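Chain residues, written in single-letter form:
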Amino acid sequence: MAKKNPNNDVPVIEIDCVTQRFPGVVALDGVSLAISAGETHAIVGENGAGKSTLMKILAGINCNYQGELRIAGCAVRFASTRDAEAAGVSIIHQELNLVDELSVAANIFLGRELLAGWGFLDDRAMHDKAGELLRTLGCEIPPDTPVARLRVGDQQLVEIAKALLLENRILIMDEPTSALTGVETERLFRVIADLKQQGVTILYISHKMEEVFQLADRITVLRDGQWIATVAPAETNVTAVTHLMVGREIDAEAFAAGRAIGEEVLRVENLRLAVAGSVKRWRLADISFKLHAGEILGIAGLLGAGRTELLEVLFGMAEGETDGEISLCGRNVNFSHPREALQAGMALVAEDRKRLGLFENVDVGANITLSSMEKLTAGGFVSSRAEQHAAEESIAQLGIRTSGPGAAITELSGGNQQKCIIARWLRTQPKVLLLDDPTRGIDVGAKAEIYRLADELCRQGMGIIVTSSELPELLTLCDRIMVLSDGRLTGTFSRDEATEQNLMEAATR
Amino acid sequence: MSRNDSNSSNFARWLQRYGNELGLLFAILVVVGITAGMDDSYRQKPSQNAAEILRQASLLGIFALGAATVIIAGGIDLSSGSVIAFSGAICTSIMIALAPVDDAGNLQTRDLGAGILCAAVVGTLLVAVLIGSFHAWLITVIGLPPFIATLASLVGLRSLARVLVQDVTAAVTTQGRNTQIYVNDASFRSWGSRWWIPLVIFLVLSGLMWILMSKTVIGRHLYALGGNEEAAKLSGIRTDRLKWLAYCVGTVTAAIAGILYSSYVGMSNPATQGMGYELNAIAAAVVGGCSLSGGIGTIPGVMLGALFLRVVIDSVAKTVKTNPDEFQGLIVGALVVLAVAFNELRDAGALKKQFFPGGLGVVNIFILSLLGGVITAVMSSDHKLVIGGSTAVVILGVLAFKKFLEMRSRN
Amino acid sequence: MSRNDSNSSNFARWLQRYGNELGLLFAILVVVGITAGMDDSYRQKPSQNAAEILRQASLLGIFALGAATVIIAGGIDLSSGSVIAFSGAICTSIMIALAPVDDAGNLQTRDLGAGILCAAVVGTLLVAVLIGSFHAWLITVIGLPPFIATLASLVGLRSLARVLVQDVTAAVTTQGRNTQIYVNDASFRSWGSRWWIPLVIFLVLSGLMWILMSKTVIGRHLYALGGNEEAAKLSGIRTDRLKWLAYCVGTVTAAIAGILYSSYVGMSNPATQGMGYELNAIAAAVVGGCSLSGGIGTIPGVMLGALFLRVVIDSVAKTVKTNPDEFQGLIVGALVVLAVAFNELRDAGALKKQFFPGGLGVVNIFILSLLGGVITAVMSSDHKLVIGGSTAVVILGVLAFKKFLEMRSRN
Amino acid sequence: GTAEVPEPVAKRIIILTNGNSPYWDAAATGARDAAAELKVEEAGLTVMVDRNDYEVEGQINKLKQYANSTDVAAVGISVTDAENAAIADELRHLRESGIQVVTIDSDVDRETARDARFAYLGTDNVQGGRELGVAAQGLLPNGGEYATFVGLKGAANAIERIDGVADGLGTSMISKENMGDGGSADTARKNVRDALDRNPNLNLLVGIWSYNTPAIVDIVKELGIRDKVKIVGFDAEPPAIEAMADGMVDVMVVQNPYQMGYQGVKLLKAMVEEDQATIDEIVPGHGGRDGDLCRTGLKVVVPDGTTSLKREMFDPNTEFLTLSEFRAWLREHGLSGS
Ligand SMILES: Nc1ncnc2c1ncn2[C@@H]1O[C@H](COP(=O)(O)OP(=O)(O)OP(=O)(O)O)[C@@H](O)[C@H]1O
Ligand SMILES: Nc1ncnc2c1ncn2[C@@H]1O[C@H](COP(=O)(O)OP(=O)(O)OP(=O)(O)O)[C@@H](O)[C@H]1O
Ligand SMILES: [Mg+2]
Ligand SMILES: [Mg+2]
């Protein structure tokens, strides 16, 4: 591992007046920052604040920027990721960047394969080394498994292992925990502590404030591509930092107060789901619960507990064979296609926004109106006036920040993209709204807005099921919380009973 | 934002949105202009030439529309050339099967009557729907990649058409097995030969497709399907049915083109008819702005793409006075590359772009010079070596200078 | 986990991993077995038939390797048919340009000598490298989709070859412009005609490609590039250079095949040589297990894929006694679909799968019955209608029953 | 090349051939020689050889293209499909718009479309086929089985030649196979191999298109069955000529594409210039029965030395040449094949 930097006075990274422009956006606007050796430095900011862009410059991915970069006092200008790696910078990307077809070991060593000479691969050595590395992360997956067969959390661990392999003295982590829950996160933190011990400089990006305050020596806040402040966690608090991030107060109101629970809208009895090719017969086993109008039901659980599958089964998307009874508003249903679910008054905001939600080839308006097109037709033809009107209405209703329905969806920040997708479903006027990890990778400000939106919808009489990897989120938002563990229902807690403690306990049961 | 500002940005957006169509229109005008300058037949027989180009562009455009629909929906249809041959065979087979027989026992295809013609067309289109449904089934239910499912049709259908034609002629005519079917009915013959009939069919189809793709829910859903299939399914879109529709549009338009081609040549000749046309249709769609990764493309773009290709081919025939057929591929290939490259580079700050980075760049400076030299050499009638050589040297000099500029701007 | 358990799971993993290759091997044996049963030529002249099939499979396999490399790297190469024609033209052009002239002023291509042959081969392969580099440049620097860049080559190169051949013959021979170039040199002629020469070249190339793809860093990176280009780039892999390599492998293998094809027929005839072969190569690669979305495929799979296609074609020629050339496409198309479908369904719990869901399913029950009926009808020599009709009815019955079972299991 | 000074555009005489082969290269040479020798340039004309690929549609498109050009004076065309009414219509249309039309090598259907062209220059394909059949019959008096190999089975000349061969052979030989290769030289070889494999008793192999004969020779050589089969074919590709010299080909029936090209240009030039004397020289009996046909001659070429074939077996209008005589003729016209 890297040696402790003997000269602690020269900052190991100096970012001097860096500006990055993209067509139509200034992603970074004269940002200057100095990071000292061995420090764990958190960078926070809203979606689109420019955090990832700054990190990509440091990692040699973005090369066309203005300004200067100094590593350990020497000016550098990385032309590729290789240059950055050679200078001792490695990065864990925000998005998963793995090759599905290759094995875990091959992915970890991608671009830096161990050779037995003459360009021939030394697969055995890579296999062994990869296994070792994964064990330090507390992960038991065999290194020759194809990555495609791993769950998202394990894939994230592979991504982390890939960055650790280089044993560089600067490590950038861009939202490494967005796909991890409790146990894995804790293991990762232990690894981070180890690295810190060895003097590795860590740049840590996260939207989860507890993590930031737990890990960071200093916190830098970016807003709209500008440097706002660098603070020490001891001298500030979460509210102050969020204020710096969004430029206004985020009130942590207790949402559930005064919601009136209505009649039952959804009842699930003995629901089971078989998975083809799985060792276990049932992926979900004997799940029964009810949902009422005006109620928010949370689902907690570890990665792979089956939360996504449960929502998918309800929405008629299950791959495998299902068994059990689902009744919606007193009517027995068994959806075989999301279309049927939609028509019956159900809506699902899926967890992987980019893969399962966005249509990057069409504009914001079309993204919003897609699922409710039928309502916007006159005589069989789409009325562009009605369409425009509907999109504008949704934009206003949800406070989506965009130049208008004609804007490209890719111009929007993650949180606003998420709101567009929620808007799409709200336009179908569902009775039951399923939100699968709706705040993943979304900044605190946008999160709060989504909470408020859910609360509002709930008050209007909608039944909502929400999953989340963050327990505090469920605790503030939900009337009741169900816990899944390995496809089984291991507990249901009312708002008053639920604590992080007993939820965790049920999740690992 | 001021009113004015939003107006000008609206205009910019409009330009951005229809940039491809405008670029194609401009390119078509340039090609026509150059051709008119180099050869006087456009000036002396404008209507005759226009009619012929429009007829040809319409024939290509009809099944390019189908190819574009499939491409926009995120698939690809390689079968159209064979569907053209197959539908021609089916259409003429139905005609001779129903045709009256004269006293000598010979088939009379001179005057078939509306009933038989109608039956033939309807039968052919029905068969096309079946083929499209089969593609959709292979792709959505069996899970074959569209490339393979339609490739199998490409090789299989032509073969089936060849065998069928022989069996049908053996069964129906007195002369026994034949590899071709002739139909001489005058009104059938007129469909593909009168220039305005394909044109009207093309315009009507284009209009319908334009309404379908941009004014109806189905069109919206097709774009969504091509853009992100999984998300489309999750958004409550019946993606399987949409694919069914798209592949049927692909085969039905090809079948219409097949009927018209058969009518044009007065027969069905499945061994060679429509051979390789699938690539023309795909090229027209892509030149017209469709992206092969799906979700992008417009009907007017495809119309102009087809027109552009035919104008270029006609221009080659007009301006290259020796062996135009041999030069055609070269020029069409070069222009397709230029059209699509222009489209790609339009957005991407073309002027600042590095065209010759690294070793690949150096090699390609030589390739482009060589190519330029060879092409001018083969196109000139005398002193081939001198002309080709000097062209190559000039191009080499210009590109090397560009590379020098690029390298300097790097530092 | 017990020792035993891990052994058996190792075996399962092995089966899973080589399932495609084993399936193909099995399919090849079945086809050979059936052919041997239906026709006695395999039993009476085994070595002769084996030699011919191996020669043909090797010729196809050589450029299928290139097609597969490009496909594994996430691209597609449509140019190989034209590269075959072009390289044949270049190779024979070099030969006649260097060939001695006899007293009467005629070219002597009967005995060219090793020097000229060497120069021709090296020159051709160099040109192929240039073509591949040009593709790579169009794709990586200009940003064209691979489909378009190589499609342009497909139409352009053949045309260029046709013009070049005429200019070269006009310049070199006394007879003036010619559309073909004949080369009679005995050792040149032997390269493609002796069955073992293509075979040895194929095996050596396969060996090299196998080592490259599965044992070296470059191969690993090619798979990564095809699997996830973005991830490969972010891992510091120089994806542009890899594409350069892949497209050059594509064109160089096609050029080797082109030289061998020209040698086999003793001439270059660019107008028709290698026409449509690009699709054969892609089909061989896909049947061999390559995925058109990239990142998946093995060299042994491609070898077996090419062998499978040739065995099937040979079997058609052996077992279909009348007009086998016309049936070939039909049977090849059907078998490609079956092979790829089998591969798709192998993993996906095929038995439980719904084959005829919804309306599309019902329509396709009819299509399959109709298709079965038509195919048996055209393949039988007498009572076509009766045989075809009854087959259709039987298939309809079976499939309807299957549909019934499926519907029952749903409820 | 393009010229800067606008000069009066030379009107084109177009010879539209079919496909790529030495056969058509010889026709092109004939046309060019005629252009040079008859000084067409001085008459404000220029000769262009265009090529079609046996596609009916392609041929119609080309004819339409000529009709829409302003610089086409005359067209000599090898008709892809005699029975096709669309081609005949298009030819009539050309004539109506003042463009001179003759057919070469392959004529339109003389029953229905004689008016579509002024005259026909070439050989009767049925007649050629018959001569080849007669020759084969002479080689194999005891009969047997034969196979024919061709590019496109539907092409007019293919059908006529194959019919002619069957006619010439009479009843003693049975046709076992007729295989098409779509113009691909290596498929042509595969077809020969497959036919021999399926029919071990074949003793006559007939090449219908020019490249089919070399393909037959290659496979027969490889299988070493020359003693069992006779090889005959149409036209004389250079490899076929060499193969005959090597004793691998028994008979070639050779048309005279050079003359078709030469006479075609000569006749068309005369028609454009309304030079009745030359027209009469080429088609003396025009107006009378079959007066619009100009026979360009048929050659039966046999190997030097012993052959069982005799001059008297053939039509008196057919030339009977040994290989060396034939080669001398080729050399005289600067041709490599015919
Ligand atoms: N390659 C690019 N091209 C165009 N715009 C870009 C590009 N990369 C980033 N942007 C834009 O730059 C801005 C900053 O993006 P960046 O990814 O750095 O945000 P972030 O702070 O990491 O947000 P998040 O928390 O959502 O990850 C955004 O407006 C984004 O749309
Ligand atoms: N034991 C298992 N057997 C088979 N497949 C599994 C198993 N565990 C997980 N998977 C698959 O892995 C995929 C990813 O699971 P994922 O981690 O998203 O589960 P989850 O409970 O929805 O978790 P979360 O919603 O927190 O991400 C699922 O689609 C599931 O099919
Ligand atoms: Mg980010
Ligand atoms: Mg999930």
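Just so we're clear, the structure is a prediction, and the values are computed from it rather than from any experiment.

Colleague: Where do I start with the coordination of the magnesium ion (ligand 3) in this structure?
Modeller: Ideal coordination angles are 109.5 degrees for a metal with four donors arranged tetrahedrally and 90 or 180 degrees for a metal with six donors arranged octahedrally. All names here are of chain A. In the first shell of the magnesium ion (ligand 3), the protein supplies S52 (OG) and Q94 (OE1), at 1.9 to 2.0 Å from the metal. Of this pair, S52 sits in helix α1 (residues 51–58) while Q94 sits in the loop between β6 (89–92) and α3 (104–108), and the two are 42 residues apart along the sequence. For S52, a relative accessible area of 17% gives the class buried. Here Q94 falls in the partly exposed class, since its relative accessible area comes to 28%.

Colleague: Any chance you could explain the arrangement of the chains here in plain terms?
Modeller: Of all 5 pairs of chains sharing an interface, the pair with the highest contact count is chains B and C. The two units chain A and chain D are non-contacting; their minimal C-alpha-C-alpha distance is 39 Å.

Colleague: Just to check I follow, could you spell out the pattern of salt bridges for this structure?
Modeller: Charged atoms that come close allow side chains of opposite charge to pair. With the rule as written, the count across this model stands at 71 salt bridges over all chains. Between E85 of chain A and R112 of chain A there is a salt bridge, with the nearest N and O atoms lying 2.8 Å from each other. With E85 of chain A in helix α2 (residues 81–86) and R112 of chain A in the loop between α3 and α4 (123–136), the pair connects residues that are 27 residues apart, well separated along the chain. Neither E85 of chain A nor R112 of chain A differs from the other in exposure class; each is buried. Of the charged contacts in the structure, one is a salt bridge between K318 of chain C and D197 of chain D, with a shortest N-O distance of 3.4 Å. Placement of the pair is K318 of chain C in helix α13 (residues 299–319) and D197 of chain D in helix α6 (residues 185–198), with the two residues belonging to separate chains. Per residue, the accessibility class of K318 of chain C equals that of D197 of chain D, and both read buried. Put simply, D107, R110, R114, R117, D290 and D292 of chain D are held in one network by salt bridges that share partners.

Colleague: What should I look at first to understand the interface of chain D and chain B in this one?
Modeller: Opposite the 29 residues of chain D that make contact, chain B presents 33 residues. Interface of chain D and chain B: buried area, both sides summed, is about 2,700 Å²; carbon and sulfur atoms make up 42% of it. A per-residue breakdown of the area chain D buries against chain B is headed by E57, N68 and T70 of chain D, which together make up 23% of the total. On the surface where chain D and chain B come into contact, there are 2 salt bridges. In this structure, D89 of chain D engages R189 of chain B in a salt bridge whose closest nitrogen and oxygen atoms are separated by 3.7 Å. Our count for the chain D to chain B interface comes out at 14 residue pairs in polar contact (both at pLDDT 80 or more). Counting only elements with at least two residues in the side of chain D that touches chain B, the list comes to β2 (45–52), α2 (56–68) and α3 (85–96) of chain D. Looking at the side of chain D that touches chain B, its residues break down into 8 nonpolar, 9 polar and 12 charged.

Colleague: What am I meant to see in the coordination of the magnesium ion (ligand 4) here?
Modeller: Residues and elements named next belong to chain A. Surrounding the magnesium ion (ligand 4) are the protein donor atoms T308 (OG1), E351 (OE) and E351 (OE), at 1.7 to 2.7 Å. What the 6 donor atoms of the magnesium ion (ligand 4) show is an angle range of 50 to 170 degrees at the metal, which sorts the shape as irregular. You can see T308 sitting in helix α9 (residues 307–314) and its partner E351 sitting in the loop between β16 (346–349) and α11 (353–356), a full 43 residues away along the chain.

Colleague: Mind showing me how you'd approach the nonpolar core here?
Modeller: For soluble globular proteins, nonpolar side chains are generally found buried alongside one another. F63, M95 and F147 of chain B together with F63, M95 and F147 of chain C are the most contacted members of the largest nonpolar core, which totals 248 residues. Not counting chain neighbours up to four residues away, the residues in contact with F63 of chain C comprise S80, I84, T253, A254, A257, Y261, Y277 and A281 of chain C. Core analysis: the second largest hydrophobic core is formed by 100 residues, A135, V206, L267 and L335 of chain D among them.

Colleague: How do you make sense of helix α5 (residues 152–165) of chain A when you look at a structure like this?
Modeller: For an α-helix, the turn length of 3.6 residues means that residues three or four places apart are oriented alike. All names here are of chain A. Look at α5: 20 Å from first C-alpha to last across 14 residues, which is about the 20 Å you get at 1.5 Å a residue. Counting buried positions along α5 yields 13 of 14 residues, so the element is predominantly enclosed. Taken from the residues just after α5, E167 is the one with a positive phi, measuring 50 degrees.

What counts as what
- Per chain, residues are indexed from 1 in the order of the written sequence.
- Lettering of chains starts at A and numbering of ligands starts at 1, both following the order in which they are written.
- At least 70 in pLDDT is required for a residue's local features to be given in this predicted model, at least 80 for side-chain atom pairs to be given and counted, and no such filter applies to totals for whole chains, interfaces and linings, which use all residues.
- Calculated side-chain values reflect all of the structure's heavy atoms, with hydrogen atoms and water omitted.
- Coordination shells were defined by N, O and S atoms within 2.8 Å of each metal, extended to 3.2 Å for Na, K and Ca; water is absent from the atom set, which can make sites look incomplete.
- Helix and strand definitions follow DSSP, with helices as H or I runs of at least four residues and strands as E runs of at least two, each counted in order from the N terminus.
- The cut-offs for exposure are 20% and 50% of the maximum accessible area for each residue type, with area from a 1.4 Å probe on protein chains only; residues under the lower value are buried, those over the upper are exposed, and the others partly exposed.
- In this analysis, two residues are considered to be in contact whenever any of their non-hydrogen atoms come within 4.5 Å of each other.
- The working definition used for a salt bridge is a side-chain nitrogen of Lys or Arg within 4 Å of a carboxyl oxygen of Asp or Glu.
- Accessible area, probed at 1.4 Å, shrinks when two parts are joined; the buried area is that loss added up over both.
- Two N or O atoms count as a polar contact when they lie within 3.5 Å, although within protein this holds only if one can serve as hydrogen donor and the other as acceptor, and sequence-adjacent residues are included solely when both atoms are side-chain atoms.
- Here the term charged refers only to Asp, Glu, Lys and Arg, the term nonpolar to Ala, Val, Leu, Ile, Met, Phe, Trp, Tyr, Cys and Pro, and the term polar to all other amino acids, Gly among them.
- Working rule for geometry: tetrahedral if four donors all subtend angles between 85 and 135 degrees; square planar for four, octahedral for six, if opposite donors exceed 155 degrees and the others stay between 65 and 115; irregular in every other situation.
- To qualify as a nonpolar core, a set must consist of buried Ala, Val, Leu, Ile, Met, Phe, Trp, Tyr and Cys residues joined through side-chain atoms within 4.5 Å.
- A helix is expected to span 1.5 Å multiplied by its residue count minus one.

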